[in-house]
Amino acid sequence: MPIDDERAFQIVRTAISRTRRGLLIVGLGMLAFGGLFASMLVRPDAVGIAPGIGGLLIIGSFALFFGLIGGAMCWTALVKQRPDRAPLMIALRNRPELVVWIYAQDVEVIVEGIRAPVGDRNVIAKFADGSTIALTVKKEQADELLAALAQLATDATTGFTPEREEQFNKEPRSLARSMQT
């Protein structure tokens with residue numbers, strides 16, 4: 001049963017919010033690691049590192065690395081991925097023909113050669129410029145999100161095949177239904 005466009009936008013907005021929360025949590029974890037290393041700069045000998053310049057450079061490098069990565073992730077989550085400012089929402093509202101391909105992909109985690117069960121799926125939206133956006137949702141929500149995206153991006157090809165991936169890599173716009181005459 002078709003849903004109205006506002007409901008479809010709400011489904012996409014909810015998926016973006018969930019992905020945004022995950023990015024923020026990982027970013028805050030990275031900032032915490034950066035802070036941990038920065039606190040070691042005060043007393044490097046307390047953690048078994050010689051207090052010389054080399055030890056301070058190592059600790060400072062780790063603090064800077066984790067701080068920059070965590071800061072970038074938090075900025076992306078808080079500023080760039082606000083649901084109504086997210087690139088996918090902007091494209092769907094203003095230029096839906098730019099979304100040329102959508103599909104779902106299972107998330108796989110392999111631990112010591114054993115496949116671990118995962119309750120999430122990635123829903124992928126690919127754009128005419130070759131860029132990609134992945135939204136991670138619960139498996140039960142993936143079909144609803146795919147249907148909402150297909151309704152809003154009517155020119156997009158749906159479903160994954162290796163041939164489509166090869167076609168997208170060669171010429172992204174060729175996957176738009178209007179180009180397939």
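First, a word on what this report is: a plain description of the structure on this page. (Residues numbered from 1 in each chain as written. Predicted model: local features only at pLDDT ≥ 70, side-chain atom pairs only at ≥ 80, totals over all residues. Heavy atoms only, no water.)

1. Observations regarding the overall build of the protein chain
1) Next: Scanning the protein chain from N- to C-terminus turns up five helices and six strands.
2) Next: Starting at the N terminus and walking to the C terminus, you meet the elements of the protein chain as α-α-α-β-β-β-β-β-α-β-α.
3) Next: Rg of the C-alpha trace for the protein chain: 21 Å, well past the compact-globule value of 16 Å for 181 residues, more than 25% over.
4) Next: Counting only C-alpha atoms, the protein chain reaches 70 × 35 × 30 Å along its principal axes.
5) Next: Burial statistics for the protein chain: of 181 residues in total, 33% are counted as buried.
6) Next: For the protein chain, long-range pairs separated by at least 24 residues make up 60% of all intrachain contacts whose partners lie at least 6 apart in sequence.
7) Next: Carbon and sulfur atoms form 60% of the exposed surface of the protein chain, whose accessible area is close to 10,800 Å².
8) Next: Here the protein chain contributes 20 positive and 19 negative side-chain charges, whose respective centroids are spaced 5 Å apart. (Helix = DSSP H or I, 4+ residues; strand = E, 2+ residues; numbered from the N terminus. Rg over C-alpha atoms; globule rule 2.2 N^0.38 Å. Buried < 20%, exposed > 50% of the residue type's maximum accessible area, 1.4 Å probe, protein only. Contact = heavy atoms within 4.5 Å. Areas by Shrake-Rupley, 256 points an atom, 1.4 Å probe, with all protein chains shown as cover. Lys, Arg positive; Asp, Glu negative; His and termini not counted. Charge placed at Lys NZ, Arg CZ, Asp CG, Glu CD.)

2. Observations concerning the pattern of salt bridges
1) Next: Scanning the model with the defined rule gives eight salt bridges in all.
2) Next: Here R95 ties to E97 by a salt bridge, and the two come within 2.8 Å at their closest N and O atoms.
3) Next: In this structure R95 comes out as partly exposed when scored by relative accessible area, which is 44%.
4) Next: Judged by relative accessible area, E97 falls into the partly exposed class, the value being 36%.
5) Next: D120 is the salt-bridge partner of K138, the closest N and O atoms lying 3.8 Å from each other. Placement of K138 in strand β5 (residues 132-138) and of D120 in strand β4 (residues 120-127) is noted, with a sequence separation of 18 residues between them.
6) Next: Linked by salt bridges that have partners in common, R18, D120 and K138 make up one network. (Salt bridge = Lys/Arg side-chain N within 4 Å of Asp/Glu carboxyl O.)

These values are about where atoms sit, not about what they do.
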